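Chains, contacts and geometry: an overview
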Amino acid sequence: MSDSKEPATEKRASDAADAVPPPAGFDVVSELLSYRGRIASVVVLALLSTGGTLALPILMAQVIDDFGQGPAVAAWVAAMVAAALIGAVANALATYQLQVVGNAVILGARERVMRHSLGTWVGRIKQIGSGDLAARLTSDSARIKAAVETGLQLPMAAVNLIGTVVLMAVLDVSLLLMTVAAFAIASALVVGVFRALRRIYTAVQGDIGTMSERFVAALDAVTVIKAGRAEKRIGDELARVAEHVRGLELKAARLESLVVPTITFGQQVALVVVIIAGGVRVLEGQLDMATFAAFLLYMLQLAAPILMAATSMTTIQAGLVAQQRFNGVLSLPLEGDDDRPGTRPESDDAPAVRFEGVDYAYDGRPALSGADIDVPRRGLTAVVGRSGAGKSTVLGLIERFMVPTTGTVSVLGRATTATDLSDLRRRITYVDQSFTLLSDTVRKNLLLGAASGRADDELYAVLSEVGLAEAVRDLPAGLDTVLGGETDLSGGQRQRLALARAIAADTPLVLLDEPSSQLDGVNENRLRDTVRRLAADRAVVVVAHRLSTVREADHIVVLDEGRVVGQGSHDHLAVTSAAYTALLEGQGAAVGTSTTGTEE
Ligand SMILES: Nc1ncnc2c1ncn2[C@@H]1O[C@H](COP(=O)(O)OP(=O)(O)OP(=O)(O)O)[C@@H](O)[C@H]1O
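Residues numbered from 1 in each chain as written. Predicted model: local features only at pLDDT ≥ 70, side-chain atom pairs only at ≥ 80, totals over all residues. Heavy atoms only, no water.

In this section: the confidence of the model for the chain. Averaged over all residues, the pLDDT of the chain equals 81, while 89% of them reach at least 70. The model gives residues 1-23 a pLDDT under 50, and that stretch makes 55 contacts with residues more than four places away or in other chains. Interface scoring of the predicted complex returns ipTM 0.96; its pTM is 0.70. (pLDDT = per-residue confidence, 0-100. Contact = heavy atoms within 4.5 Å.)

The next point concerns empty space enclosed by the protein. Within the structure shown, the criterion is met by 2 cavities of 30 Å³ or more. Each pocket or cavity is described by its volume, and for the largest cavity that value is around 90 Å³. For the largest cavity, the full set of lining residues is Leu380, Leu512, Glu514, Glu524, Leu527, Arg528, Val531, Arg546, Ser548, Thr549 and Glu552. At the level of secondary structure, the elements contributing two or more residues to the lining of the largest cavity comprise α17 (521-535) and α18 (547-552). Examining the composition of the lining of the largest cavity, we find that 4 residues originate from one element, α17, more than from any other. Taken together, the residues of the lining of the largest cavity break down into 4 nonpolar, 2 polar and 5 charged. (1 Å grid on protein atoms, 1.4 Å probe; cavity = no way out; pocket = protein on both sides within 12 Å on 5 of 7 lines; lining within 4 Å. Points joined across faces, edges and corners; volume = space filled by probe spheres on them. Helix = DSSP H or I, 4+ residues; strand = E, 2+ residues; numbered from the N terminus. Nonpolar A, V, L, I, M, F, W, Y, C, P; charged D, E, K, R; others polar.)

A few words now on the packing of helix α14 (residues 456-465) against helix α16 (residues 491-505). It is at 9 Å that the axes of α14 and α16 come closest, and there the two elements cross at 125°. As judged from the angle between their axes, α14 and α16 are oblique. Regarding α14 and α16, the two cross each other, and that crossing is right-handed. The residues of α16 that touch α14, namely those facing Val462, Leu463 and Glu465, are Leu497, Ala500, Ile503 and Ala504. Looking at the contact of α14 with α16 residue by residue, the class counts come to 6 nonpolar, no polar and 1 charged. (Axes fitted to C-alpha atoms, helices over the stretch in contact; angles between N-to-C directions. Parallel < 35°, antiparallel > 145°, perpendicular 65-115°, else oblique. Left-handed = near helix turned anticlockwise from the far one by under 90°.)

As structure tokens, then:
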């Protein structure tokens with residue numbers, strides 16, 4: 001079931017916006033605030049590391065001053081070694097703490113995005129695409145992590161920068177002013193580069209998402225691609241997207257490559273100016289040699305925090321774009337956000353499903369119009385119609401994968417929109433057309449939607465109802481064999497396992513989107529027997545593609561271009577519904593006689 005948009009849902013979500021606060025976005029800064037303790041320890045370690053680095057030139061000036069006095073020089077050298085060691089150890093610890101915080105922030109963000117993706121509307125997930133969502137969890141989150149780590153180093157760089165500038169001012173103010181002027185010009189140039197980078201990063205990260213999306217889509221269709229010998233053509237198409245990404249990344253790399261040389265150039269200009277101006281003053285006796293040497297050392301150290309801040313800014317720009325992409329997911333409306341569960345009790349007399357004047361449109365294109373449908377509480381109801389008639393849309397509306405644009409869908413006497421979503425789905429088992437299974441154990445597949453903790457014997461009893469017990473016993477780890485990897489069931493066995501899930505869940509309503517492809521005779525009979533057994537004491541709604549299923553049905557709903565054009569038994573429809581007889585005749589069937597039902 002797929003819907004690119006759920007207009008009614010969006011409307012409801014916006015109606016409910018006043019009542020239900022939108023899901024909070026992901027904000028790195030507020031996330032960081034929850035790690036205050038660790039960040040404080042990073043700051044302390046950074047101060048220690050910076051202190052160690054800043055002490056070195058002063059200590060070196062002392063070495064120059066005391067040159068020739070052996071013991072004093074030895075003491076200053078020992079102090080220099082100690083300061084360097086303390087700086088290095090503090091730096092290593094601070095770097096590790098930064099990694100811890102970065103990983104914690106990204107863990108939280110990934111968890112939220114994964115949960116939110118599973119919680120939003122089916123159509124929204126399909127709109128973004130599973131590949132793009134996966135890219136957000138991988139490449140985008142790596143960028144956020146990098147931004148957090150480098151961003152947290154900025155305060156260290158700031159402490160280092162301020163400390164260096166203060167000490168340089170103490171040593172010589174006029175030389176400091178010359179230095180600041182040279183660096184200021186270089187920094188102003190770099191700011192323009194950052195602005196351009198932000199735009200390119202937005203395009204790059206979007207395109208990486210698109211590339212992942214197309215790759216995942218290609219992998220999903222890999223058998224068809226191989227069978228059609230289209231590996232090269234699809235490979236070429238993917239390569240073109242990758243080429244486009246590379247083009248953008250190169251553009252970013254060209255700009256990034258300007259950052260370090262620009263700052264370094266500023267430093268070199270400052271160095272030349274300071275050496276000339278300082279040298280003259282040393283010669284004139286206005287500046288002593290030790291002070292001048294210390295000043296030059298600080299000047300060389302000045303470039304490090306400035307360069308660090310400059311390169312961090314490129315990483316932070318990329319992180320901000322990634323944060324925006326995370327928020328793109330987190331701002332999607334969640335299913336159930338607009339829930340206003342009613343108090344109306346479930347009714348034993350109500351039909352299993354009732355559609356009253358239901359309209360539904362995908363992106364404004366009507367798929368169902370004015371549909372009135374009743375599904376009896378027990379028995380097999382077949383929904384039939386030509387391709388595109390709206391059959392799968394009917395199942396999607398019952399499951400509340402989307403909500404009607406107008407009209408009401410009720411399940412067991414309660415409107416789906418007035419029922420807690422989880423309560424609603426607890427009463428329904430849905431078996432999709434591809435009999436999709438989880439890449440998980442047989443047990444977990446069987447118990448999806450059912451109470452866990454069931455005894456093995458009970459599970460095998462369920463499996464034997466669909467003729468699958470022996471096949472599962474023969475699997476390497478029986479019920480605990482993981483499917484979808486090296487070990488798998490055949491297509492027909494997978495179908496039976498999906499049906500066994502309906503038996504295990506024991507819900508009053510089962511929805512089955514029958515595969516349109518042909519099943520072999522044995523599997524078809526098994527499927528029919530299982531459906532029959534299920535329908536004996538509950539409602540089973542089958543989107544029927546096979547004549548045999550239609551013939552088995554107790555109740556039939558005929559759809560044509562989104563309209564219900566007939567309802568009733570086979571015999572009744574055979575004589576009253578032209579659309580139904582046309583459908584049967586299209587399948588080469590002879591048409592029977594009339595009993596009861598309604599023609600619309
Ligand atoms: N996700 C979607 N986005 C846009 N239009 C859609 C989407 N899903 C279905 N439609 C359109 O809605 C109409 C009804 O589709 P639906 O899948 O309900 O028909 P169906 O009777 O189940 O078809 P089939 O037997 O071929 O599976 C069709 O015109 C289809 O093109």
